[in-house]
Amino acid sequence: MFGYSSRVPSLFRRKPANLVEESVTTVTADEAPTAARSRGYTPSKKELGMVTPKRPAASRRQGAPTKPLTKEEAREQRRVARAEATAEFRREGGPRDRGPERLLARNVVDSRRTVGTWFFGGALIVLLGSNQAMPPIVRLASNLLWGALALGVLIDSILISRRIKKLVRERHPKSTEKLGSLYFYAIMRSITFRKMRAPQPQVNLGDKI
């Protein structure tokens, strides 16, 4: 009867220390986070040992506020801008002056003396001389001068147009530019004072075109 306790199973006996140590798996500090990560986890640059470069402090600074212009400074700025635009137009002209045919027409006009350059001056004289307060002889002379100027401009325009037509067909046989437009362009240039022409003349008087 008292021998029952000696046959109690060894379940409640303490296991040896070496068995407990063998059952514990050693986990290092590097493996612990890896085990907790999911399969789609992407390591950060910090974990990979990469350092993101910082922007220089100067680039993060906001630009200093600009001082508003005074009325005089704004007016001077507009004047300079207009002067630059005018000078550029005098050198290169506008969209209507583009193209080799237009350049050829300008050179034809600029290489010769035209009656049209005296047209506006003569028109002013005719206007003054045609006044009813003027003597009849002055009014007659004014009318004759007006007729001579008109006839001279007409003849000169015909000669310029014929010259342009010949040169365009020789040098630009495949040109799609309308000859009528070129004629009008050249005639309007021929009645403009040479110093006021835009673009500026690129040839001298008497040069061969």
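Please refer to the structure higher up on the page.
Basis of the calculations
Residues numbered from 1 in each chain as written. Predicted model: local features only at pLDDT ≥ 70, side-chain atom pairs only at ≥ 80, totals over all residues. Heavy atoms only, no water. Helix = DSSP H or I, 4+ residues; strand = E, 2+ residues; numbered from the N terminus. Buried < 20%, exposed > 50% of the residue type's maximum accessible area, 1.4 Å probe, protein only. Contact = heavy atoms within 4.5 Å. Areas by Shrake-Rupley, 256 points an atom, 1.4 Å probe, with all protein chains shown as cover. Axes fitted to C-alpha atoms, helices over the stretch in contact; angles between N-to-C directions. Parallel < 35°, antiparallel > 145°, perpendicular 65-115°, else oblique. Left-handed = near helix turned anticlockwise from the far one by under 90°. Nonpolar A, V, L, I, M, F, W, Y, C, P; charged D, E, K, R; others polar. Expected span 1.5 Å × (residues − 1). Patch = residues over 30% accessible without salt bridge, like charges linked within 9 Å, V, L, I, M, F, W, Y side chains within 5 Å. Salt bridge = Lys/Arg side-chain N within 4 Å of Asp/Glu carboxyl O. Lys, Arg positive; Asp, Glu negative; His and termini not counted. Charge placed at Lys NZ, Arg CZ, Asp CG, Glu CD.

**Student:** What's the story with the overall build of the chain in this structure? I'm lost.
**Tutor:** Tallying secondary structure elements over the chain gives eight helices and zero strands in all. Ordered by position from N to C terminus, the α and β elements of the chain give α-α-α-α-α-α-α-α. Every one of the 209 residues in the chain was classed for burial, and the buried ones make up 20%. Sequence-distant contacts, at least 24 apart, represent 70% of the contacts inside the chain between residues at least 6 apart. Per element, the accessible surface of the chain, about 17300 Å² overall, is 60% carbon and sulfur.

**Student:** What am I meant to see in the packing of helix α7 (residues 136-171) against helix α8 (residues 179-190) here?
**Tutor:** Geometry of a packed helix pair, given as the angle between the helix axes and the separation of the axes. One way to put it is that α7 packs onto α8 with a least axis distance of 10 Å and a crossing angle of 130°. When the axes of α7 and α8 are compared, the pair comes out oblique. Note on packing geometry: the crossing formed by α7 with α8 is right-handed. On α8, the residues touching Ser157, Ile160, Ser161, Ile164, Lys165, Val168 and Arg169 of α7 are Leu179, Leu182, Tyr183, Ala186, Ile187 and Ser190. Residues of the contact of α7 with α8, tallied by class, amount to eight nonpolar, three polar and two charged.

**Student:** Just to check I follow, could you spell out α7 for this structure?
**Tutor:** Think of an α-helix as 3.6 residues a turn; residues three or four steps apart then line up on the same face. Its 36 residues place the ends of α7 52 Å apart at the C-alpha level, agreeing with the 52 Å of an ideal helix rising 1.5 Å per residue. Among the residues making up α7, those that are buried are Ser142, Leu149, Gly152, Val153, Asp156, Ser157, Ile160, Ser161, Ile164, Leu167 and Val168. Packing partners of the buried residues in α7 comprise α5 (100-110), α6 (119-129) and α8.

**Student:** Just checking my understanding: could you explain the environment of alanine 186 for this structure?
**Tutor:** Topologically, alanine 186 is positioned in helix α8. You can call alanine 186 buried: its relative accessible area is 0%. Separated by 80 residues in the primary sequence, alanine 186 and arginine 106 place their C-alpha atoms 6.4 Å from one another. Residue contacts for alanine 186: discarding those within four places in its chain leaves Ala105, Val109, Ile160 and Ile164.

**Student:** I keep staring at a positive patch on the surface and nothing clicks. Help me out?
**Tutor:** A cluster of basic side chains, namely Lys71, Arg75, Arg78 and Arg82, defines a positive patch on the protein surface. With respect to the helices, strands and loops of the structure, arginine 78 is situated in helix α4 (residues 71-92). Looking at arginine 78, the relative accessible area reads 46%, which means it is partly exposed.

**Student:** Please clarify how the environment of lysine 178 should be interpreted in this entry.
**Tutor:** When you line up the elements, lysine 178 lands in the loop between α7 and α8. Sequence separation between lysine 178 and glutamate 101 is 77 residues, and the spatial gap between their C-alpha atoms is 9.8 Å.

**Student:** Hey, could you run me through unusual backbone geometry in this one?
**Tutor:** In terms of backbone geometry, most residues other than glycine have negative phi values and most peptide bonds are trans. Here alanine 198 and proline 199 are connected by a cis peptide whose omega angle stands at -5°. Along the polypeptide, proline 199 turns up in the segment after α8.

**Student:** Just to check I follow, could you spell out a nonpolar patch on the surface for this structure?
**Tutor:** On the surface, a cluster of nonpolar side chains totalling about 460 Å² of accessible area is made up of Met134, Ile137, Val138, Leu140 and Leu144. Within the secondary structure, valine 138 sits in helix α7.

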